[in-house]
Amino acid sequence: MNKFAFLVFIRKFINKKKLFTELIFTFNITGYIPIISTILGVVMGLASSEISNLRRDRRSKRRKINSTRTLISLENERNMELLKDFWYKLNKLEEDEIEDGELKITLAHRLIKMPMPSWNDLMWRKQASFLPITFIDKEIIAISSFNNCLELLKSIYSKLIDLDAKDREYNSTYASSGVKLSKLPRSKRFQEEAPGLWDEFEEITLNLIEKGNPLSGN
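On a predicted model such as this, the values are computed, not experimentally measured, just so you know. (Residues numbered from 1 in each chain as written. Predicted model: local features only at pLDDT ≥ 70, side-chain atom pairs only at ≥ 80, totals over all residues. Heavy atoms only, no water.)

A. Just the overall build of the protein chain, in detail. On a plain count of helices and strands, the protein chain comes out with 6 helices and 0 strands. Taken from N to C terminus, the helices and strands of the protein chain fall in the order α-α-α-α-α-α. Every one of the 218 residues in the protein chain was classed for burial, and the buried ones make up 25%. Pairs at least 24 residues apart make up 80% of the contacts formed inside the protein chain by residues separated by at least 6 positions. (Helix = DSSP H or I, 4+ residues; strand = E, 2+ residues; numbered from the N terminus. Buried < 20%, exposed > 50% of the residue type's maximum accessible area, 1.4 Å probe, protein only. Contact = heavy atoms within 4.5 Å.)

B. Quick look at the pattern of salt bridges. Inspection of every chain in the model, using the stated rule, returns 8 salt bridges. In this structure, Lys104 engages Asp199 in a salt bridge whose closest nitrogen and oxygen atoms are separated by 3.0 Å. With Lys104 in helix 2 (residues 100–113) and Asp199 in helix 6 (residues 189–211), the pair connects residues that are 95 residues apart, well separated along the chain. Among the residues examined, Asp199 registers a relative accessible area of 30% and is labelled partly exposed. Close ionic contact of Asp164 with Arg168 constitutes a salt bridge, the shortest N to O distance being 2.9 Å. Remark: Arg168 and Asp164 occur in helix 5 (residues 137–176); sequence separation between them is 4 residues, near one turn of the helix. (Salt bridge = Lys/Arg side-chain N within 4 Å of Asp/Glu carboxyl O.)

C. A look at the nonpolar core. In this structure, Leu111, Leu153, Leu160, Phe190, Phe201 and Leu208 are the most contacted members of the largest nonpolar core, which totals 28 residues. The set of elements that each furnish at least two residues to this core consists of helix 1 (3–91), helix 2, helix 5 and helix 6. Ranked by residue count, the leading element in this core is helix 5, at 8 residues. Beyond its immediate sequence surroundings of up to four residues, Phe201 is in contact with Phe86, Trp87, Leu111, Met116, Leu153 and Ile156. Judged by nonpolar contacts, the second largest core, of 7 residues, contains Ile72, Leu131, Ile143 and Leu215. (Core = buried A, V, L, I, M, F, W, Y, C linked by side-chain atoms within 4.5 Å.)

D. Quick look at the side chain of Glu75. With respect to the helices and strands, the residue Glu75 is situated in helix 1. In this structure, Glu75 is buried with no salt-bridge partner, the nearest side chain bearing the opposite charge being Arg78 at 7.0 Å. Those residues in contact with Glu75, other than ones at most four positions away along the chain, are Asn120, Asp121, Leu122, Met123 and Trp124. (Lys, Arg positive; Asp, Glu negative; His and termini not counted.)

E. Seen up close, the packing of aromatic side chains. In this structure the tally under the stated criterion is 5 aromatic pairs. Centroid distance Trp87 to Trp198: 5.7 Å. Interplanar angle 15°. Geometry classified as stacked. Separated by 111 residues along the polypeptide, Trp87 in helix 1 and Trp198 in helix 6 bring together distant segments of the chain. The exposure class assigned to Trp198 is buried, which follows from its relative accessible area of 2%. A connected cluster of aromatic rings, assembled from ring pairs, spans Phe86, Trp87, Trp198 and Phe201. (Phe/Tyr/Trp six-rings, centres within 6.5 Å; stacked < 30°, edge-to-face > 60°.)

F. Here's a closer look at the environment of Ser144. Examined against the element boundaries, Ser144 turns out to sit in helix 5. Taking relative accessible area as the criterion, Ser144 reaches 23% and is therefore assigned partly exposed. Along the primary structure Ser144 and Pro214 are separated by 70 residues, whereas in three dimensions their C-alpha atoms are 9.2 Å apart.

G. Broad picture of the side chain of Thr205. In this fold, Thr205 is placed in helix 6. Within the structure, Thr205 has its side chain in polar contact with the backbone oxygen of Phe201 (distance 2.8 Å). (Polar contact = N/O pair within 3.5 Å; in protein donor to acceptor, adjacent residues only side chain to side chain.)

H. Focus on the environment of Ile112. Structurally, Ile112 is set in helix 2. Judged by relative accessible area, which is 14%, Ile112 ranks as buried. It is 6.9 Å that separates the C-alpha atoms of Ile112 and Leu160, two residues lying 48 residues apart in sequence. Excluding its chain neighbours within four sequence positions, the residues that come into contact with Ile112 are Tyr157, Leu160, Ile161, Asp164 and Phe190.

I. The arrangement of helix 6 in detail. If you check helix 6, its first and last C-alpha atoms are 33 Å apart, about what 23 residues at 1.5 Å a residue would give, namely 33 Å. Roughly 30° is the biggest bend found in helix 6, and it falls at Pro195. Inspection of helix 6 places Phe190, Ala194, Leu197, Trp198, Phe201, Ile204, Thr205 and Leu208 among the buried residues, and these make up the whole buried set. Directly beyond the C-terminal end of helix 6, a positive phi value near 75° is found at Gly212. (Expected span 1.5 Å × (residues − 1). Bend = angle between axes of the 7 residues up to and from the residue.)

What follows is the structure in structure tokens.
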């Protein structure tokens, strides 16, 4: 065999070996196709399920945010309507001929004879965990201020009732003992403190009514 024929033989041998190797590799890959397909199917299924869960959670979160906003807005509106109705009834009473210095004392007496509105901030407190994602900072501050003012009105109302009760108790105690009241100084704490408390109550109330529902955009 000459040199040229030997080289041709070697090249054919190499080509056959390369083809054989390719056939073996192809056979090996083909044998793993079902397994690879199964793995890919599982991965794609998990990814699809995760995407679906994320979308579902996002929709649920959005519904919760919208629900929270609506409930708190309705709560604010109810409290505002109760305040307006209370203030209207308090001021529609017939005016008597009252000296200017006694007017605030009379109004304070009228105030404590009326039942205080049953406003509350139950939904606001109950949904506390959702407030940061439901409202912007400006809205949170406005609603908190609104509720705090309502609590302050309750506090002033309670102070006036307490002052009136203590005056009555003090004066009735000496009256029942037989001592002539004309000989003792009557308690006038209500008369002394009621005008200032009334001014505070009126200022807070008018300010709340003017601003309206914190979420109404007025």
